[in-house]
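The residues making up each chain are set out below.
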Amino acid sequence: MFNRIGAAAVGWLFPARCAGCGALGSVWCAECAAQTHVLQEPVCGHCGYPLPEPQAECPACQGRYFAFTQARAWSSYGGVLRRAILKLKHKRNKDLGAVLSAYMAAALPPRWGVELVIPVPLSVRRQAQRGYNPVELLAAPLALQVGLPLAAGALQRQRDTLPQMDLQLEQRWANVHGAFAGDAAVAGRRVLLVDDIITSGATAHAAARALRAAGANSVYVLALARTL
Ligand SMILES: [Zn+2]
Ligand SMILES: [Zn+2]
């Protein structure tokens with residue numbers, strides 16, 4: 001009884017605020033949902049970059065090898081969604097993660113046939129500092145929604161890396177090279193790697209490479225947003 005009254009009082013004192021615009025009422029309002037630039041086909045068959053017309057790959061992917069089979073993002077990165085992702089990074093907002101992951105679940109191509117969900121991890125040190133992995137706020141409800149196991153411990157980040165957004169394109173590949181290690185839980189499995197933002201695909205490549213080295217059959221990547 002006390003707990004129920006307590007929860008109601010907290011809801012009254014701290015009503016939900018939209019992570020995109022700050023409006024009261026919900027963690028993600030209809031207006032911000034309508035403003036989000038959802039990515040539609042045709043997209044690059046490797047990295048998910050939107051293309052003006054159907055073609056196999058975008059110019060950036062031509063001649064580039066990725067350890068993952070395909071990557072997709074639900075939306076372009078920017079505007080209200082950028083603000084929402086920052087909120088996830090700085091506040092452990094599980095309600096926001098659940099709402100945004102539902103969009104990701106809808107964007108997951110069924111043909112991938114994935115069996116296991118793995119969030120891109122932080123290093124042990126960074127996770128201890130922050131207390132949680134923001135990407136897991138998306139990956140955990142996503143796994144529930146699509147009915148797949150979450151294997152958050154099956155990929156580790158072995159060292160700290162710099163934020164990819166702060167680096168030039170070619171530095172991004174070196175920054176994350178060899179940063180990850182996969183474990184035997186992924187052997188023979190089709191893995192869904194989840195991230196919040198795809199920039200160059202370098203992080204997803206380095207993580208997928210570690211998963212493949214640990215025996216993963218294939219790796220597919222789903223992100224909330226991608227930079228354009
Ligand atoms: Zn809003
Ligand atoms: Zn591409």
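You'll find the structure just up there.
What you see is a predicted model, and the numbers here were worked out from it, not measured in a lab.

Calculation rules
- Residues numbered from 1 in each chain as written.
- Chains lettered and ligands numbered in written order.
- Predicted model: local features only at pLDDT ≥ 70, side-chain atom pairs only at ≥ 80, totals over all residues.
- Heavy atoms only, no water.
- Phe/Tyr/Trp six-rings, centres within 6.5 Å; stacked < 30°, edge-to-face > 60°.
- Lys NZ or Arg CZ within 6 Å of the ring centre and 35° of its normal.
- Donors = N, O, S within 2.8 Å, 3.2 Å for Na, K, Ca; no water.
- Tetrahedral: all angles 85-135°; square planar, octahedral: opposite > 155°, others 65-115°.
- Helix = DSSP H or I, 4+ residues; strand = E, 2+ residues; numbered from the N terminus.
- Buried < 20%, exposed > 50% of the residue type's maximum accessible area, 1.4 Å probe, protein only.
- Core = buried A, V, L, I, M, F, W, Y, C linked by side-chain atoms within 4.5 Å.
- Contact = heavy atoms within 4.5 Å.
- Patch = residues over 30% accessible without salt bridge, like charges linked within 9 Å, V, L, I, M, F, W, Y side chains within 5 Å.
- Areas by Shrake-Rupley, 256 points an atom, 1.4 Å probe, with all protein chains shown as cover.
- Salt bridge = Lys/Arg side-chain N within 4 Å of Asp/Glu carboxyl O.
- Lys, Arg positive; Asp, Glu negative; His and termini not counted.
- Charge placed at Lys NZ, Arg CZ, Asp CG, Glu CD.
- Expected span 1.5 Å × (residues − 1).
- Polar contact = N/O pair within 3.5 Å; in protein donor to acceptor, adjacent residues only side chain to side chain.
- Pairing = 2+ DSSP bridges.

Peer 1: Any details on the packing of aromatic side chains? Residues and values, ideally.
Peer 2: For the structure on display, the rule yields four aromatic pairs. Three or more aromatic residues joined by ring pairs make a cluster, and in this case those are Phe66, Phe68 and Trp173. When the ring centre of Trp173 is taken as reference, the NZ or CZ atom of Arg64 above it lies at 4.1 Å.

Peer 1: Break down the coordination of the zinc ion (ligand 1) for me, citing the residues and quoting the values.
Peer 2: Summarising the metal site, the zinc ion (ligand 1) is bound by the protein donors Cys18 (SG), Cys21 (SG), Cys29 (SG) and Cys32 (SG), whose distances to it range over 2.2 to 2.3 Å. Taken together, the four donor atoms coordinating the zinc ion (ligand 1) span angles of 106 to 114° at the metal, a pattern that classifies the geometry as tetrahedral. Counting along the primary sequence, the residues that act as donors to the zinc ion (ligand 1) give the motif C-x2-C-x7-C-x2-C. With Cys21 in the loop between helix H1 (2-13) and helix H2 (30-35) and Cys32 in helix H2, the pair connects residues that are 11 residues apart, well separated along the chain. Given a relative accessible area of 1%, Cys32 falls into the buried group.

Peer 1: Account for the nonpolar core, naming residues and giving values.
Peer 2: Counting residues in hydrophobic clusters, the biggest one holds 37 residues, and the most contacted among them are Ile118, Val186, Leu193 and Leu211. Those elements giving two or more residues to this core turn out to be strand E1 (70-76), strand E2 (116-119), helix H7 (169-176), strand E5 (190-198), helix H8 (202-213) and strand E6 (218-226). Counting residues per element, this core draws most heavily on H8, which supplies seven residues. Not counting residues within four places of it along the chain, the set of residues in contact with Val186 comprises Leu116, Ile118, Ala154, Val191, Leu211, Ala214, Gly215, Ala216 and Asn217. Counting 35 residues, the second-largest nonpolar core is a separate cluster that includes Cys18, Trp112, Leu142 and Leu148.

Peer 1: Please set out a positive patch on the surface residue by residue, giving values where relevant.
Peer 2: On the surface, Arg82, Arg83, Lys87 and Lys91 cluster together into a patch of positive charge. Residue class for Lys87 comes out partly exposed when judged on its relative accessible area of 39%.

Peer 1: Could you give an account of the coordination of the zinc ion (ligand 2), with specific residues and numbers?
Peer 2: Protein coordination at the zinc ion (ligand 2): the donors are Cys44 (SG), Cys47 (SG), Cys58 (SG) and Cys61 (SG), at 2.2 to 2.4 Å from the metal. Given four donor atoms and angles of 107 to 113° at the metal, the environment of the zinc ion (ligand 2) is assigned as tetrahedral. In the primary structure, the donors to the zinc ion (ligand 2) are separated according to the pattern C-x2-C-x10-C-x2-C. Pair noted here: Cys44 is in the loop between H2 and E1 and Cys61 is in the loop between H2 and E1, with a separation of 17 residues, a long-range link. No difference in accessibility class separates Cys44 from Cys61, as the two residues are buried.

Peer 1: I'd like to hear about helix H4 (residues 94-107), residue by residue, with values.
Peer 2: Along its 14 residues, H4 runs 20 Å from first to last C-alpha, staying within 8% of the 20 Å computed at 1.5 Å per residue. Listing the buried residues of H4 in full gives Leu96, Gly97, Leu100, Ser101, Met104 and Ala105. For H4, the side-chain oxygen to backbone nitrogen distance between the N-cap and Asp95 is 3.3 Å, and the N-cap itself is Asn93.

Peer 1: So what's going on with unusual backbone geometry? Which residues, and what values?
Peer 2: Here Glu41 and Pro42 are connected by a cis peptide whose omega angle stands at 0°. Tracing the backbone through its elements, the reader meets Pro42 in the loop between H2 and E1.

Peer 1: Residues and numbers for the pairing of E1, please.
Peer 2: Most of E1 sits inside the fold, with seven of its seven residues counted as buried. Of the strand pairs in this sheet, E1 and E6 are connected by six bridges, and their pairing is parallel. What sits directly across from Ser76, in E6, is Arg226.

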